[in-house]
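Overview (structure and organization)
This is what each chain is made of:
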Amino acid sequence: MLAVETEQASLAGALGRRGITRRQLVKFCSLMLTTLALPDKYLAATVAAVSKAKKQVLVWMQFQDCAGCSESMLRSSHPEIADIVLDLFSWEYHELIMAGSGAAANAVLDRVVTQEKGNYIAVVEGGIPTADGGVYCTIGGRSALDIAKTVCGNAAATIAVGACAADGGFMRAHPNPTGAVGLEEAVPGIRLINMNGCAHNPVNTAAVLVHYLTFRDLPAVDQHNRPLFAYGRVIHDQCERRAHYDAGRFVTEWGDEGHRKGYCLYKMGCKGPAATFNCPTAQWNDHTSWPIRAGHGCIACASPRFWDHMSPFYDRLPSVPGFGVEVTAGELGLGLVGAVVAGVTVHGLITMIRPAPPYPETKV
Ligand code: SF4
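Below: a short report on this structure.

Reading the values: rules and limits
Residues numbered from 1 in each chain as written. Predicted model: local features only at pLDDT ≥ 70, side-chain atom pairs only at ≥ 80, totals over all residues. Heavy atoms only, no water. 1 Å grid on protein atoms, 1.4 Å probe; cavity = no way out; pocket = protein on both sides within 12 Å on 5 of 7 lines; lining within 4 Å. Points joined across faces, edges and corners; volume = space filled by probe spheres on them. Helix = DSSP H or I, 4+ residues; strand = E, 2+ residues; numbered from the N terminus. Buried < 20%, exposed > 50% of the residue type's maximum accessible area, 1.4 Å probe, protein only. Near = heavy atom within 4 Å. Sits in = over half its atoms within 2 Å of the grid points. Nonpolar A, V, L, I, M, F, W, Y, C, P; charged D, E, K, R; others polar. Pairing = 2+ DSSP bridges. Polar contact = N/O pair within 3.5 Å; in protein donor to acceptor, adjacent residues only side chain to side chain. Contact = heavy atoms within 4.5 Å. Axes fitted to C-alpha atoms, helices over the stretch in contact; angles between N-to-C directions. Expected span 1.5 Å × (residues − 1). Core = buried A, V, L, I, M, F, W, Y, C linked by side-chain atoms within 4.5 Å. Domains from an automatic or database assignment.

Applying the stated criterion to the full structure yields 1 cavity of 30 Å³ or more. Reported here for the largest cavity is a volume of approximately 110 Å³. In terms of lining residues, the largest cavity is bounded by His236, Cys239, Arg241, Arg242, Tyr245, Cys264, Leu265, Tyr266, Cys270, Gly272, Pro273 and Ile292.

What follows is the structure, given as structure tokens:
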């Protein structure tokens, strides 16, 4: 009887009932390792850990948000991320998809905090207003700030998905009438990882969840509490249009010949030289494209406070207020990239607040 219960509670059992084969699970784990920039030698351990994992309780809270991060997660299908991630955890609370509502839904959240204290994963989507006692976002009569303190304060770990949860997002953009902030400022001192981006990339968030299940720890992070595997490299250095930049071939007008030929978008305001993210490799929509491939410059949506610090989005980098680089467009080139990389690297080395956990040696 116990064996049956364990099978039903494990991911392997749940996936089997959904018709997801072991081959598909191995493919998923392989994608997660690639995303995490971990070598293949961890594949066997990852598949074993994920297969045998007892489903852990997860609660997903939405505060000042547009539900875009939920949609991004639930509509992902490369290869079956939504299915597998939904089955990896016991999703006890998620306003967008749960059947219950009102007092019954609130009771579920209260029960998780009480009965699963210290053992559940909390995911937060959306900013948290702090002005006027937090009245600008309330759920069931409680402020988002109060709920976040209780739920995240008692979780094993919290994942802030999207720019809004990470740093307040567009609600925090000037003049920020609701006093919105990100989770890190609203509830300091919790075990937290930030998945910046508008929206977060579900491949990266799934990789963090798989990393947690496999190694029982969160991955190494940078000075902004973002995982290094996803936010450690400058977009400009990974960009498929980089050769055009180096050759001085730029789009100068939307729809011009350079635009049709896929030239560099720097002169149209691309912030790729000043942004770090794995957008060029993780990509979107089942790994089919990303903004620069689609013909639009990067707006640095995974950078802290990008709504204020990286806008106007169509201004060239040296003239973006707050960027603070005293160079002309012509001088930008390698000098700026070097400065960004050096800044990220040095700052990261000095202020990195959580190193990678010790990975166990395993055989494939
Ligand atoms: S400026 Fe933008 S489009 Fe041009 S190479 Fe850099 S990241 Fe790519």
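Picking up where we left off.
Within the secondary structure, isoleucine 193 sits in strand 9 (residues 192-195). The class of isoleucine 193 is buried, set by a relative accessible area of 0%. Remark: the alpha-carbon pair of isoleucine 193 and leucine 218, spanning 25 residues in sequence, is separated by 7.6 Å.

Below, the discussion takes up the site of the ligand. Every residue close to the ligand is listed here: His236, Cys239, Arg241, Arg242, Tyr245, Cys264, Leu265, Tyr266, Cys270, Gly272, Pro273 and Ile292. Mapping the ligand onto the cavity grids shows that it belongs to the largest cavity. Split into classes, the residues belonging to the shell around the ligand amount to 8 nonpolar, 2 polar and 2 charged.

Looking down a regular strand, the side chains alternate between one sheet face and the other. With 7 of its 7 residues buried, strand 1 (residues 56-62) lies for the most part within the structure. Every second residue of strand 1 is oriented toward a common face, with Gln56, Leu58, Trp60 and Gln62 on one face and Val57, Val59 and Met61 on the other, all of them buried. Sheet analysis places strand 1 next to strand 2 (residues 89-94), joined by 5 bridges and oriented parallel. Its bridge partner being in strand 2, tryptophan 60 is matched across the sheet by histidine 94. Taken together, the 5 bridges between strand 1 and strand 3 (residues 121-125) define a ladder with parallel strand orientation.

With that settled, the discussion passes to the side chain of asparagine 194. The residue asparagine 194 is located in strand 9 in this model. Polar contacts involving the side chain of asparagine 194 include one to the main-chain carbonyl oxygen of histidine 224, which spans 3.1 Å. Sequence-distant contacts of asparagine 194, that is, excluding residues within four places in its chain, are made with Ala160, Ala166, Glu184, His224, Asn225, Arg226, Pro227 and Tyr231.

Strand order in the open sheet made by the 5 strands is 2-1-3-7-9, with parallel pairing throughout. For this open sheet the edge positions go to strand 2 and strand 9, each flanked by a neighbour on one side alone. Along the sheet, successive strands turn relative to each other by an average axial angle of 20°, direction set aside. Note that strand 7 (residues 157-161) and strand 9 share 4 bridges and pair parallel. The partner of valine 161 across the bridge, within strand 9, is methionine 195. Strand contacts of helix 12 (residues 202-215): strand 1, strand 2, strand 3, strand 7 and strand 9, with the helix running at about 170° to strand 7, the strand carrying the most contacts.

Its 14 residues place the ends of helix 12 20 Å apart at the C-alpha level, agreeing with the 20 Å of an ideal helix rising 1.5 Å per residue. Structurally, the start of helix 12 carries an N-cap: the backbone nitrogen of valine 203 is 3.0 Å from a side-chain oxygen of asparagine 201. Just downstream of helix 12 lies arginine 216, where phi reads positive at about 55°.

With that settled, the discussion passes to the nonpolar core. Among the nonpolar cores identified, the biggest contains 75 residues, and Phe28, Met32, Val85, Ile121 and Ile159 are the most heavily contacted of them. Among the domains, domain 1 (56-231) and domain 2 (238-364) are the pair contributing at least three residues each to this core. If we skip the residues at most four places from it in the chain, valine 85 touches Phe28, Met73, Trp91, Ala206 and Leu209. Of all hydrophobic cores here, the second largest spans 31 residues; its members include Met61, Val124, Cys152 and Ala155.

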